[in-house]
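Fold and contact review
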Amino acid sequence: MKDKIIVITGASSGIGKALALEALARNAKVALCARNLEKLQAVFREGATIFLYKADVSKEEDCKNFIEKAQQRFGKIDVLINNAGISMRALFDEVQLSVIKELMDINFWGAVYCTKYALPSIIKNKGVVASISSIAGYRGLPGRTGYSASKFALQGFMEALRTELLKTGASVVWFCPGFTASNIRNVAKAADGTSQGETPLAENKLMTAETSAKIMMDAIEQRKRTVVMTTQGKLTVWLNKLFPSFADKLVYKHFLKEPGSPLHKYSSNGA
Ligand SMILES: NC(=O)c1ccc[n+]([C@@H]2O[C@H](COP(=O)([O-])OP(=O)(O)OC[C@H]3O[C@@H](n4cnc5c(N)ncnc54)[C@H](OP(=O)(O)O)[C@@H]3O)[C@@H](O)[C@H]2O)c1
């Protein structure tokens, strides 16, 4: 990683922030973006190895400018990590369609835009395009229709791109973390598009973003294809392939148990 140029979207919090710190610890140079520049600047100080930029990845122009400015600053891009993402928790029955559109715009289109503008440099440098997906990209999760759709779309995009790049020396990898401690559930969208403002999980019992980042950075160095990062995630992916209707029931049960689960609306006791 020494002197490699690593571009990371959504680096002010959680996994993106941990990835940037891990890249710097491995002597890489980083270009980082988020919508809230002050939050980014509170963690990272701009300097010889760090470039900070305010960008909303749901806007093509912001992505184009971010990637261009990062290249001007460092001369090239070796690795792009499409990390910026948001989540949701609401039944499809109740959610405003604008929430699903916003999730697709950030989680899917944000990755497409950044990849489009970074790809020529990545191919030239035989680099890596990486994206943070989710188990929800293999197995649709209730209360997360828009999130699941965005991650399925992201994985389809990445798989097709990987195949296109097979003979170029550039590589493509996506990661499916399990539940990882971060801000994602606090800011996840409720049915009306507001942030739900709390997490239904005990965040201190989850994998840390730092552990997640180490696994991801190792996998980028080793040019792995895909990393499903937890045993529960691996089991879910395989169970869903082999016994899909059994997986429906297990996944339903799991998410019904979550505090405040929207699935209660449809459960037999109607609570
Ligand atoms: N944590 C988990 O359990 C988990 C599990 C599976 C997958 N993931 C995936 O991991 C990735 C990172 O999530 P996280 O858990 O680290 O969440 P997080 O703590 O909420 O961090 C999200 C980061 O993305 C940025 N961001 C959000 N929308 C953006 C936009 N439109 N443009 C630019 N930056 C944007 C945020 O900064 P601003 O708000 O300032 O823009 C923040 O820096 C996501 O793709 C998520 O789907 C997370």
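Placed above this text is the structure.
Not measured: the values here are computed from a predicted model.

Attention now moves to the packing of helix 1 (residues 14-25) against helix 6 (residues 209-221). For the pair helix 1 and helix 6, interaxial distance at closest approach is 8 Å and the crossing angle is 55°. In terms of their interaxial angle, helix 1 and helix 6 are classed as oblique. The chirality of how helix 1 crosses helix 6 is right-handed. On helix 6, the residues that touch G14, I15, A18, L19, E22 and A23 of helix 1 are A209, E210, S212, A213, K214, M216 and M217.

Glancing now at the pairing of strand 1 (residues 5-9). The two faces of a sheet get side chains in turn, since along a regular strand they alternate between them. Of all the five residues making up strand 1, five are buried; the element is thus mostly covered by neighbouring parts of the structure. With burial as the criterion, each face of strand 1 is covered, one bearing I5, V7 and T9 and the other bearing I6 and I8. With five bridges connecting them, strand 1 and strand 2 (residues 29-34) associate as parallel partners. Residue T9 lies in a different strand from strand 2, and its bridge partner there is C33. Note that the unit made of strand 1, helix 1 and strand 2 has a crossover that is right-handed. By the bridge criterion, three bridges tie strand 1 to strand 4 (residues 79-82) in an arrangement that is parallel. Its bridge partner lying in strand 4, V7 is registered against L80.

Another aspect to go through is the site of the ligand. Taken together, 30 residues surround the ligand, and among them S12, S13, I15, Y147 and S182 come closest. At 2.8 Å, a backbone N or O of T180 approaches an oxygen atom of the ligand. R185 has a polar side-chain atom sitting 3.0 Å from an oxygen atom of the ligand. Relative to its unbound accessible area of 890 Å², the ligand is 94% covered by the protein chains. Broken down by secondary-structure element, the contributors of at least two residues to the shell around the ligand are helix 1 and helix 5 (145-164). Grouping the amino acids of the shell around the ligand by side-chain chemistry returns 13 nonpolar, 13 polar and four charged.

Conventions we followed
Residues numbered from 1 in each chain as written. Predicted model: local features only at pLDDT ≥ 70, side-chain atom pairs only at ≥ 80, totals over all residues. Heavy atoms only, no water. Axes fitted to C-alpha atoms, helices over the stretch in contact; angles between N-to-C directions. Helix = DSSP H or I, 4+ residues; strand = E, 2+ residues; numbered from the N terminus. Parallel < 35°, antiparallel > 145°, perpendicular 65-115°, else oblique. Left-handed = near helix turned anticlockwise from the far one by under 90°. Contact = heavy atoms within 4.5 Å. Buried < 20%, exposed > 50% of the residue type's maximum accessible area, 1.4 Å probe, protein only. Pairing = 2+ DSSP bridges. Right-handed = clockwise from strand over helix to strand, strands pointing away. Near = heavy atom within 4 Å. Polar contact = N/O pair within 3.5 Å; in protein donor to acceptor, adjacent residues only side chain to side chain. Areas by Shrake-Rupley, 256 points an atom, 1.4 Å probe, with all protein chains shown as cover. Nonpolar A, V, L, I, M, F, W, Y, C, P; charged D, E, K, R; others polar.

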